[in-house]
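Residue-level structure breakdown
What follows is each chain in one-letter form.
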Amino acid sequence: MRGNPTAAGLGSLPRPVAVVVGAGGVLGAAHIGAGYALERRGFVPDMIIGTSVGALNGAIAAAHPRRAAPWLDHVWTQLRRRDVYPLGYLSSRTSVFTDRGLRRLIARAGLPSRIEELAVPFVAVATDLVTGAAVLLDRGDLASALLASAAIPGMLPPVVRAGRTLVDGGLIAYVPVLAALQAGAASVVVVATGPESSPLRPVVPRRRAGAIAARAGLLLLHHQIERDLHEVSRHIPTVVLPTGIEAWPAPWDFGQTQRLISTTCLTAERFLDGLRISGPGLYRVDDASAASGGPGETSISSTAEAGL
């Protein structure tokens, strides 16, 4: 590992700088690889904004700055589906799974009881099931905020908080960069995962209902992410860490966690070593480099100062 305390690109980001951690379920293991790359460069953000699994990983990073990645690595590499999505007897018909597994994970994470007690300012993003508005949870009970942000509709139970019925923030803010801008960030580092956050491939889905629905969902999330990234990058430097992952596992496959972590770590480190900031814009690996994935071929594209 290089003895580089703070990469020039990270060090030149305007403060306050927010780390934005997106949704993705089991694919959130890749967040840990990005976390290693940032922690090994001595980078500590001024705030962390997370959605869904990104809220859980982000809260742990906010509680333990500079040393969260190894702990998350240990936990994630031992996780199995039943640990997160346990079947059980429900008190209502609001979800397929109980939230007992998530509650146990949160309880074991060494987190404070309230959001404002975290070492780094933190926001969990949820969705108001009645109005469809994004709800930014930056104060009060931390466990209920994380459960609300991760409450996949139909899969995990909604959370009632301050009279509002809240579900997964990924519905409205899969990658919550707009929330970071609203919170006053002067620059953002985005940690996003999954095929929704990658360049779209021109794939014609099989003529099956499931395949067509999956492709439609992918398009919907991809366009939401791109719209939000371009809007925020018009105002502030917006750095998107690459994962280098081309083959993403199935939503229930916890068996590829180590591959997601190690691949993302190596790819993000190469990217950060070449990062240079020159004003507002979108800084990420260009589409051609992302498709080739070859070592030493990382090329950073930017719309800096172009107003795009």
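These notes cover the structure that comes with them.

Here is what the cut-offs are and how they apply
Residues numbered from 1 in each chain as written. Predicted model: local features only at pLDDT ≥ 70, side-chain atom pairs only at ≥ 80, totals over all residues. Heavy atoms only, no water. Buried < 20%, exposed > 50% of the residue type's maximum accessible area, 1.4 Å probe, protein only. Helix = DSSP H or I, 4+ residues; strand = E, 2+ residues; numbered from the N terminus. Pairing = 2+ DSSP bridges. Core = buried A, V, L, I, M, F, W, Y, C linked by side-chain atoms within 4.5 Å. Contact = heavy atoms within 4.5 Å. Axes fitted to C-alpha atoms, helices over the stretch in contact; angles between N-to-C directions. Parallel < 35°, antiparallel > 145°, perpendicular 65-115°, else oblique. Left-handed = near helix turned anticlockwise from the far one by under 90°. Nonpolar A, V, L, I, M, F, W, Y, C, P; charged D, E, K, R; others polar. Right-handed = clockwise from strand over helix to strand, strands pointing away. Salt bridge = Lys/Arg side-chain N within 4 Å of Asp/Glu carboxyl O. Polar contact = N/O pair within 3.5 Å; in protein donor to acceptor, adjacent residues only side chain to side chain.

Okay, the pairing of strand E3 (residues 122-128) next. Of all seven residues in E3, seven are buried; the element is thus mostly enclosed. With burial as the criterion, each face of E3 is covered, one bearing Phe122, Ala124, Ala126 and Asp128 and the other bearing Val123, Val125 and Thr127. Relative to E3, strand E2 (residues 47-51) is paired through four bridges, and the arrangement is parallel. Residue pairing in the sheet places Thr51 in a bridge with Val125 of E3. When E3 meets strand E4 (residues 134-137), the two strands line up antiparallel, connected through four bridges. Pairing of Val125 across the sheet is with Leu136, part of E4. In textbook terms, the turn of a hairpin is the stretch between consecutive antiparallel strands, and for E3 and E4 this stretch comprises five residues, one of which, Gly132, has a positive phi near 80°. In this structure, E3 lies alongside strand E6 (residues 164-168), joined through three bridges in antiparallel fashion. Opposite Asp128, over in E6, you have Leu166 as the bridge partner.

Counting residues in each nonpolar core, the largest one holds 69 residues, and the members touching the most others are Leu111, Phe122, Leu137, Leu146, Val189, Val239 and Leu241. Apart from residues lying up to four places away in sequence, Leu241 is in contact with Ala34, Leu38, Val189, Val190, Val191, Phe271 and Leu272. Of all hydrophobic cores here, the second largest spans 24 residues; its members include Ala18, Val123, Val188 and Leu221.

What follows is about the packing of helix H6 (residues 100-107) against helix H7 (residues 142-149). The contact between H6 and H7 brings their axes to 11 Å, and the two run at 135°. When the axes of H6 and H7 are compared, the pair comes out oblique. Note on packing geometry: the crossing formed by H6 with H7 is right-handed. Contacts from Leu102, Arg103 and Ile106 of H6 reach H7 at Ala143, Leu146 and Leu147. Grouping the constituent residues of the contact of H6 with H7 by class yields five nonpolar, no polar and one charged.

With that settled, consider the pairing of strand E7 (residues 187-191). Most of E7 is tucked away: five of the five residues are buried. Sheet topology places E7 next to strand E8 (residues 237-241); four bridges connect them, and they run parallel. Residue Val191 lies in a different strand from E8, and its bridge partner there is Leu241. Crossover connection from E7 via helix H9 (residues 209-233) to parallel E8: handedness right-handed.

A word on the pattern of salt bridges. This model, assessed by the stated rule, comprises eleven salt bridges. The salt bridge partner of Glu269 is Arg41, with a shortest N-O separation of 3.4 Å. In this pair, Glu269 is assigned in helix H10 (residues 257-273) and Arg41 in the loop between helix H2 (29-39) and E2, connecting sequence segments 228 residues apart. Here Glu269 falls in the buried class, since its relative accessible area comes to 3%. What makes Arg41 buried here is its relative accessible area of 1%. In this structure, the salt-bridge partner of Glu116 is Arg114, at a minimum N-O distance of 2.8 Å. Assessed through its relative accessible area of 37%, Arg114 is described here as partly exposed. In the salt-bridge network here, residues are joined through shared partners; they are Arg40, Arg41, Glu269 and Asp273.

Here Thr243 lies in the loop between E8 and H10. Relative accessible area serves as the criterion here: at 11%, Thr243 is assigned to the buried category. In terms of polar contacts, Thr243 uses its side chain to reach the backbone amide nitrogen of Ile245, at 3.2 Å. The residues touching Thr243, leaving out its near neighbours within four places in the chain, are Ala192, Trp248, Thr263, Thr264 and Thr267.

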